[in-house]
Amino acid sequence: PCWRDPAVFLDKTCIHQEDPDRQREGIRKLGAFLSHSRTMVVCYTDLYLTKLWTVYEIATFLSLWPVDHIKIIPASVPKAVYGFLLLWYVYDLVSMILQVLFGVSYVDFFVVIGLFYIMCKMLRRVERGKVKMLERLAGFDVRRCKCASEADRPFVYANICLLM
């Protein structure tokens, strides 16, 4: 059939952020949401593992699915891809202008070398971010997580314990 269940769960939009009663109801149903998800994609930043709610979401998902069903994408990766595409567009534009104005084509080599250098710098930054992420994962402790409302901490801890 053409109709399928929703394909994406976004915590900020699927769990009510203002009404505490509706929020708790959404949190109680988090397992039901995630049980219908075969993959969890985490757009990772340095803040991700410092927030108790995001840790709770991962714990819930891992109680339902194996760890290889989580895809972790450092937030710097999309930036690097978009940056590379922008650079390639600029290269193409400059190359076309130089070709039309001066009939020059040998400048392409130098532009490509420059773009390659910039791309290498961007990829190096991405890899450094991955190393930092792995270091943070290795030293992870749920007790160091921040919680917007400390009143939520016992609730989240109790739910994480139920999942284990």
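Quick notes on the rules
Residues numbered from 1 in each chain as written. Predicted model: local features only at pLDDT ≥ 70, side-chain atom pairs only at ≥ 80, totals over all residues. Heavy atoms only, no water. Helix = DSSP H or I, 4+ residues; strand = E, 2+ residues; numbered from the N terminus. Expected span 1.5 Å × (residues − 1). Buried < 20%, exposed > 50% of the residue type's maximum accessible area, 1.4 Å probe, protein only. Pairing = 2+ DSSP bridges. Right-handed = clockwise from strand over helix to strand, strands pointing away. Disulfide = S-S within 2.5 Å. pLDDT = per-residue confidence, 0-100. Phe/Tyr/Trp six-rings, centres within 6.5 Å; stacked < 30°, edge-to-face > 60°. Salt bridge = Lys/Arg side-chain N within 4 Å of Asp/Glu carboxyl O.

1. A word on helix 4 (residues 52–64)
Each α-helix turn comprises 3.6 residues. Residues three or four places apart therefore point the same way. Given a rise of 1.5 Å per residue, 13 residues ought to cover 18 Å, and the 19 Å separating the end C-alpha atoms of helix 4 matches this to within 8%. Within helix 4 the residues assigned to the buried category are Leu52, Thr54, Val55, Tyr56, Glu57, Ile58, Thr60 and Phe61.

2. Here we look at the pairing of strand 2 (residues 70–74)
With five bridges connecting them, strand 1 (residues 40–44) and strand 2 associate as parallel partners. Paired with Tyr44 across the strands is Pro74, a residue of strand 2. Note on the crossover from strand 1 through helix 4 to strand 2: the handedness is right-handed.

3. Here's the deal with the state of the cysteines
Taken as a whole and assessed by the stated rule, the structure comprises zero disulfides. Left unpaired, Cys147 is separated from the closest cysteine sulfur, that of Cys145, by 9.0 Å. Exposure remark for Cys147: the relative accessible area of 9% places this residue in the buried category.

4. Considering the confidence of the model for the protein chain
Looking at the protein chain as a whole, its pLDDT mean stands at 79, while 88% of the residues score no less than 70. Averaged over each element, pLDDT in the protein chain is lowest for helix 1 (residues 11–14) (67) and highest for strand 1 (84).

5. What to know about the packing of aromatic side chains
The full count for this structure, using the stated rule, is four aromatic pairs. Consider the rings of Phe84 and Trp88, whose centres lie 6.1 Å apart with planes at 35 degrees: the pair is tilted. Within this pair, Phe84 and its partner Trp88 are both found in helix 5 (residues 76–102), separated by four residues, close to a single helical turn. Taking relative accessible area as the criterion, Trp88 reaches 41% and is therefore assigned partly exposed.

6. A few points about the pattern of salt bridges
Taken as a whole and judged by the stated rule, the model has three salt bridges. Asp141 is the partner of Arg143 in a salt bridge, and the nearest nitrogen-oxygen pair spans 2.8 Å. Taking relative accessible area as the criterion, Arg143 reaches 64% and is therefore assigned exposed. A salt bridge links Glu150 to Arg153; the shortest N-O distance between them is 2.7 Å. Among the residues examined, Glu150 registers a relative accessible area of 48% and is labelled partly exposed.

7. Details of the environment of Pro78
Tracing the backbone through its elements, the reader meets Pro78 in helix 5. Residue class for Pro78 comes out partly exposed when judged on its relative accessible area of 30%.

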